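The primary structure of each chain is shown beneath.
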Amino acid sequence: MKKFLDKQDIDYHIFILNQIDRYRFNRASLINVGFLEVKKDFDYIAMHDVDLLPMNDELRYFYPEKGPLHISSPELHPRYHYPTFIGGILLVKREHFLQVNGMSNKYWGWGLEDDEFYVRLKEAGLNVTRPPNLLTGTQSTFKHIHDRNHRKRDMVKCFNQREVTRKRDRQTGLNNVSYKLENAINATIANTSITILNISLMCDESITPWCICDSVSIAKDKKLKDKKKIQ
């Protein structure tokens, strides 16, 4: 990323948002936390998956003045190609992220949080733009390193997760993400200065019990449902 970004006339800093609690991965909440921790010092953020690396120098990470800029568009992403996809790499300026109250905090496990964020942007009247006139396609624009077998518990769905996470979330967002910043570590890797934010997220299991989604919690939920059926 340093080699790629140094070719562009922008000031930047790379933050690694590292979730260190016992819960399942929550990409949206981590982005909310990252934004809260750095918003005073930066005009915009790049919501950037760690498993997606740009290979085409024509992908410009410039300030998204008019609206969110989706770098990894459906025409370029190696895997996701539906028209409303805005995952992977999305640039959003500070005012617009605040305007939509950030992202939903209900998405524990992998997937769908960016689809909900798309609805937030659409409702706010913010148009998403994408890189124009790129000659590279889905196989040569990005390097995608994603292993679905890694951290399998982040891939499953449990409780009523499927039902809840396919709806627009009007209860949670930037204003009520619950977390503790354990520490911030400044490091240099391959001559690149980065900051690692070690973050412990909090989960209200009465609202989103799927933040754990292990065999014990699923068994308890099944017993409760069976009991209700008998009654």
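As the structure is a computational prediction, the values presented were derived from the model and not from experiment.

Draft legend 1. Representation of the sheet that holds strand 2 (residues 44–48). A sheet is described by the order of its strands in space; here three strands give the open sequence 2-5-4, paired in antiparallel fashion. Of all strands in the sheet, those with a lone pairing partner are strand 2 and strand 4 (69–70), marking the two edges. Where strand 2 and strand 5 (residues 89–93) come together, five bridges link them in antiparallel fashion. Paired with tyrosine 44 across the two strands is lysine 93, which belongs to strand 5.

Draft legend 2. Up close: the state of the cysteines. Under the definition given, this model contains two disulfides. Between the sulfur atoms of cysteine 203 and its disulfide partner cysteine 211 the distance amounts to 2.1 Å. Since a negative S-S torsion denotes a left-handed disulfide, the cysteine 203-cysteine 211 link at about -85° is left-handed. Classification of cysteine 203 by relative accessible area gives buried; the value is 14%.

Draft legend 3. View of the pattern of salt bridges. Overall, the coordinates contain 15 salt bridges when judged by the stated rule. In this structure, the salt-bridge partner of aspartate 6 is lysine 2, at a minimum N-O distance of 2.9 Å. Under the relative-accessibility criterion, lysine 2 is labelled partly exposed at 27%. Linking glutamate 205 and arginine 22 is a salt bridge whose minimum nitrogen-to-oxygen distance equals 3.2 Å. Placement of glutamate 205 in the loop between strand 8 (192–201) and helix 6 (215–230) and of arginine 22 in the loop between strand 1 (14–19) and helix 2 (27–38) is noted, with a sequence separation of 183 residues between them. A relative accessible area of 36% places glutamate 205 in the partly exposed class. Through salt bridges with shared partners, a single network forms among Lys106, Glu116, Arg120, Glu123, Arg168, Asp169 and Arg170.

Draft legend 4. Structural detail: the pairing of strand 7 (residues 179–189). Bridge count between strand 7 and strand 8: ten bridges; the pairing is antiparallel. By the bridge assignment, alanine 184 is partnered in strand 8 with leucine 197.

Draft legend 5. Broad picture of the packing of aromatic side chains. With the rule as written, the count across this model stands at nine aromatic pairs. Both rings, one in phenylalanine 15 and one in phenylalanine 42, keep their centres 5.7 Å apart while their planes meet at 90°; by these two values the pair is edge-to-face. In this pair, phenylalanine 15 sits in strand 1 while phenylalanine 42 sits in the loop between helix 2 and strand 2, placing the two residues 27 residues apart along the sequence. Here the aromatic cluster, defined as three or more aromatic residues joined through ring pairs, consists of Phe35, Phe97 and Phe117.

Draft legend 6. Representation of helix 2. Here helix 2 contains twelve residues, and its C-alpha end-to-end distance of 17 Å stays within 8% of the 16 Å for a straight helix at 1.5 Å per residue. Counting buried positions over the twelve residues of helix 2 gives ten, a clear majority of the element. Burial in helix 2 covers these residues: Arg27, Ala28, Ser29, Leu30, Ile31, Asn32, Val33, Gly34, Phe35 and Val38. Along its buried surface, helix 2 packs onto strand 1, strand 2, helix 3 (94–99), helix 4 (113–123), strand 7 and strand 8.

Scoring rules and cut-offs
- Position numbers for residues count from 1 along each chain, tracking the sequence in the order it is written.
- With the structure being a predicted model, the display of local features is reserved for residues of pLDDT at least 70 and the display and counting of side-chain atom pairs for 80 or more, all residues being used for whole-chain, interface and lining totals.
- The basis for every side-chain value is the complete set of heavy atoms in the structure, and neither hydrogens nor water enter the calculation.
- The pairing criterion for strands is at least two bridges between them, as found by DSSP.
- For the purposes of this entry, the term helix denotes a DSSP run of H or I that reaches at least four residues, the term strand denotes a run of E that reaches at least two, and both are numbered from the N terminus.
- Two cysteine sulfurs form what is called a disulfide whenever their separation falls within 2.5 Å.
- The rule is simple: take the accessible area with a 1.4 Å probe, protein chains only, and divide by the maximum for that residue type; under 20% is buried, over 50% is exposed, in between is partly exposed.
- Salt bridges are defined as contacts in which a side-chain nitrogen from Lys or Arg sits within 4 Å of a carboxyl oxygen from Asp or Glu.
- Whether two aromatic rings pair depends on their centres lying within 6.5 Å, for rings of Phe, Tyr and Trp, where Trp uses its six-membered ring; planes under 30 degrees apart make the pair stacked, over 60 edge-to-face, and the rest tilted.
- To estimate how far a helix should extend, the number of its residues minus one is multiplied by 1.5 Å.
- Contacts were defined at the residue level, with two residues in contact if any of their heavy atoms lie within 4.5 Å.

Just geometry here; none of it tells us what the structure is for.
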